[in-house]
Amino acid sequence: TAIATHFGIPPESVVAGSGSDELIDLLFRLFTDQGERILVSTPTFGMYAFDAGLHGVEVVDVPLLEGWTYDAEAMVDAAQEAKVTFIPSPNNPTGNTLPHALVDRLLATGTLLVVDEAYIEFSHQPSLVQRAAAEPGLVVLRTMSKWGGLAGLRIGYGVMHPETASYLMRAKQPYNV
């Protein structure tokens, strides 16, 4: 409720977890099957490929271009076949942000777009949490470990459409955050 109040979104749109890593794993378990594909743009956070390996999911990589910009055309093409697209914004480790116009194009492909905003408080880019709470197909992950300095406590949360959140809550372990 406190997170929802902070962002002006419904509490039904928030799913807390043991760090955003738990939520990444939960998204894999619920939205991918063995042999399916996810999309990433390297260099990027390593947990997406780690979880893909655990779940038998192929990683399709559209590397960042020179200057750490996204290859928008190649990403949109690859997203056509990807069940989930994982993009940190700001990116870990490059710091570049995902243009909102590219968010629109990726969502139009039908991929589940997961934007990992672990470092958003250190950016001038506006957060996508309000949009994620209202729009199916978009999930925003956040963590308390960076701006809150709580890395050892493993506290994270996701903001998503209430129907998506309900789906995650039905599969989430009951005795954690």
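Here the structure is a predicted model, which means the values were calculated and not measured.

Caption draft 1: Focus on the environment of Tyr 119. Among the structural elements, Tyr 119 can be located in the loop between β5 (112-116) and α6 (129-134). Tyr 119 gets classed as partly exposed once you look at its relative accessible area, which sits at 29%. Excluding its chain neighbours within four sequence positions, the residues that come into contact with Tyr 119 are Pro 90, Asn 92 and Lys 146.

Caption draft 2: Spotlight on helix α4 (residues 72-79). Regarding α4, the residues found buried are Met 75, Val 76, Ala 78 and Ala 79. Seen along its axis, α4 keeps its buried residues to an arc of 165°; they face one direction. Where α4 is buried, its residues contact β2 (37-40), β3 (58-61), β4 (84-88) and α5 (100-108).

Caption draft 3: Structural context of the pattern of salt bridges. Under the criterion given, the structure shown has nine salt bridges. Ionic pairing is found between Glu 117 and Arg 142, a salt bridge with its closest N-O pair at 3.4 Å. Taken together, the positions of Glu 117 in the loop between β5 and α6 and Arg 142 in strand β6 (residues 138-143) put the pair 25 residues apart, joining distant regions of the chain. For Glu 117, a relative accessible area of 2% translates into the label buried. Classification of Arg 142 by relative accessible area gives buried; the value is 3%.

Basis of the calculations
Residues numbered from 1 in each chain as written. Predicted model: local features only at pLDDT ≥ 70, side-chain atom pairs only at ≥ 80, totals over all residues. Heavy atoms only, no water. Helix = DSSP H or I, 4+ residues; strand = E, 2+ residues; numbered from the N terminus. Buried < 20%, exposed > 50% of the residue type's maximum accessible area, 1.4 Å probe, protein only. Contact = heavy atoms within 4.5 Å. Arc of directions from axis to C-beta. Salt bridge = Lys/Arg side-chain N within 4 Å of Asp/Glu carboxyl O.

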